[in-house]
Every structure is written in C-alpha cells, then in structure tokens.
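Structure assessment
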Amino acid sequence: MSSVPILSAVPVTALVPRHVAIIMDGNGRWAKKRFLPRFAGHRAGVEAVRKVTRAARAMGIEALTLYAFSSENWRRPAEEVSDLMGLLRHFIRSDLDELVRENVRLRVIGDYRSFSPDLVAMVDDAIASTAGNTGPILAIALNYGAQAELVVAAQRLAARAARGELDPSAIDSDAIEAELDTRDLPPLDLMIRTSGEQRLSNFLLWQAAYAELLFVDTLWPDFDGAALADAVAAFGLRQRRYGGL
C-alpha cells in the first residue's frame, strides 16, 4: 500500500499524535471466522503489523508501541506460545533490514529476557542494529505487564531511598516515569484497541492517564493503514483539556 492513500485519509489540518499504542486483539476470532487454526490468525496479524508500522511512519507518528505478548499470555496453551515465539523470530529475520533502512529505532518494553536464550539474543541484536538510527520509534511490548512495571519502578526508588540516595519526599511523578520502560518515549497520546473489547488489559496503565482511548470493532488482522488514518483523524477531533477547561 502506498503512502498517498494513507495520508489522504487524514485531513491536512488533523493533529497527528506523537505516540500511539495499540492493543492488537482479535487474531483468534479472525481465524475462527474463517475456519482456520489460531496460528493463521497470528500470522495474518504479523502482516497487519507491517501495514500499520509503515503507515505510522508515513503519517509522521514519532513512536508506535505494540502490545505483542503480555505477561499473562504465558497462560495460553504451550503450542500457541511456541507459535508466537516463532512468529517473533520470523518478524525479526524478515523485517529488521527494513527497519534499519527506514531509520527506525527499535525498542522493547517488558521482561523479554525471560524468553529462550536464542530469542533474547535475536532481540538484543535487533535493538543494537537500530540503535544508531534517528527516526521514529517502534516499541514492542514483550512479556509486558503494566502492574509489574510499576512494582519494579517502586522497588528501584525504594532501594535508592534505603541507600540514602533519594529523599522519599522527593519522589514525584517525574521520578516514577524515569523508572518506567517507556522513559525514552514521548508521552502517550492515543491508545487503540481492536476487536471491540473495551479494556486496557494491563497495558501502559500509568502512561494512559491522559491518553485518548479508541476502541474499534475491527479485528487486528483487518486493521491497516486506512484504519490507522481513521483513528488519527478521530484523535484530531478530540478536545484534550488535561483536567482544565
């Protein structure tokens, strides 16, 4: 898909969010509707990732964060977890060159070091390969849970206070944000969830405090550049007051 129809779906005067996060939901239902195995839905979801990341770059979105594997996803059948890990390996092998070429900076949030050593090495190499890039950020949430992220942040601040390095009364929102996985990302402007579900599912709970939330019925494999353009256009119509008038 070319960038022209993607951009033409967004009004020229629209406010483009700096940071968009997406809960990519509906792969399994997409496959079920087509009488296909769940893996087919996940594979189609990877193609949606490609379409949306390319569209985000064309629109000038500075950071795109995708909820790829939550800390709760370990509860899924072992075969499905293995399939998801295989798709992550495939995505890195097939798309890393494009990310490098397009000046994209890859980030990972979450405890991905709990994955198998070979996959951890692949992720580390991918991050290092794009570390010198200066363009938009693609952040992938792997083994991520917002509650765990906040617990770790609190533990780090408590340890510093116990060592006498930090006055507990000096702990404020800035201090907490500096300990979060997203500390080097712009503030979250827009969070999208596909598939019609209307919950955050332990994703970026702190960061979403003043983000605009958009829930769409589209199943993730069917979400593409045009759908992202519609979401950005809807964001541009929102009135963001941050508690003021």
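Use the structure listed above.
Residues numbered from 1 in each chain as written. Predicted model: local features only at pLDDT ≥ 70, side-chain atom pairs only at ≥ 80, totals over all residues. Heavy atoms only, no water.

A short note on the packing of helix α3 (residues 38-59) against helix α8 (residues 225-236)
The interhelical angle for the contact between α3 and α8, taken along N-to-C directions, is 45°, at an axis separation of 8 Å. Here α3 lies oblique to α8, going by the angle between them. Where α3 crosses over α8, the two elements pack in a sense that is right-handed. Contact residues: α3 offers Val 52, Ala 55, Ala 56 and Met 59, while α8 offers Gly 225, Leu 228, Ala 229 and Val 232. Residue composition of the contact of α3 with α8, grouped by class: 7 nonpolar, 1 polar and no charged. (Axes fitted to C-alpha atoms, helices over the stretch in contact; angles between N-to-C directions. Helix = DSSP H or I, 4+ residues; strand = E, 2+ residues; numbered from the N terminus. Parallel < 35°, antiparallel > 145°, perpendicular 65-115°, else oblique. Left-handed = near helix turned anticlockwise from the far one by under 90°. Contact = heavy atoms within 4.5 Å. Nonpolar A, V, L, I, M, F, W, Y, C, P; charged D, E, K, R; others polar.)

With respect to the environment of Ala 21
The residue Ala 21 is located in strand β1 (residues 19-23) in this model. The buried category is assigned to Ala 21, whose relative accessible area is 0%. C-alpha separation for the pair Ala 21 and Ala 63, spaced 42 residues apart in sequence, amounts to 8.2 Å. (Buried < 20%, exposed > 50% of the residue type's maximum accessible area, 1.4 Å probe, protein only.)

Concerning the nonpolar core
Ile 22, Phe 115, Leu 142, Ile 192 and Leu 228 are the most contacted members of the largest nonpolar core, which totals 48 residues. Apart from the residues lying within four places of it in its own chain, the contact partners of Leu 142 are Ala 68, Phe 69, Leu 88, Val 108, Ile 109, Gly 110, Asp 111, Tyr 112, Phe 115 and Val 123. Within the second largest apolar cluster, 13 residues are counted, among which are Ile 23, Ala 146, Leu 204 and Ala 208. (Core = buried A, V, L, I, M, F, W, Y, C linked by side-chain atoms within 4.5 Å.)

Some thoughts on the packing of helix α4 (residues 78-101) against helix α5 (residues 117-130)
Where α4 meets α5, the axes come as close as 11 Å, and the angle between the chain directions of the two elements is 15°. Overall, the two elements α4 and α5 adopt an arrangement that is roughly parallel. Of the two elements, α4 crosses α5, and the hand of that crossing is left-handed. On the side of α4, the interface is formed by Met 85, Leu 88, Arg 89, Ile 92, Arg 93, Leu 96, Leu 99 and Val 100, while α5 contributes Asp 118, Leu 119, Met 122, Val 123, Ala 126, Ser 129 and Thr 130.

Brief notes about the pairing of strand β5 (residues 190-193)
The side-chain alternation of β5 yields two buried faces, one formed by Leu 190 and Ile 192 and the other by Met 191 and Arg 193. Judged from the 4 bridges that link them, β1 and β5 form a sheet pairing that is parallel. Note that in β5 the partner of Ile 22 across the bridge is Ile 192. One ladder, built from 4 bridges, connects β5 with strand β6 (residues 212-215); its direction is parallel. Bridge pairing in β6 places Ile 192 opposite Leu 214. (Pairing = 2+ DSSP bridges.)

As for the packing of aromatic side chains
This structure, assessed with the given rule, holds 7 aromatic pairs. An angle of 80° between the planes, with centres 6.1 Å apart, marks the rings of Tyr 67 and Tyr 144 as edge-to-face. One end of the pair, Tyr 67, is in strand β2 (residues 63-70); the other, Tyr 144, is in strand β4 (residues 137-144), with 77 residues separating them in the sequence. You can call Tyr 67 buried: its relative accessible area is 9%. (Phe/Tyr/Trp six-rings, centres within 6.5 Å; stacked < 30°, edge-to-face > 60°.)

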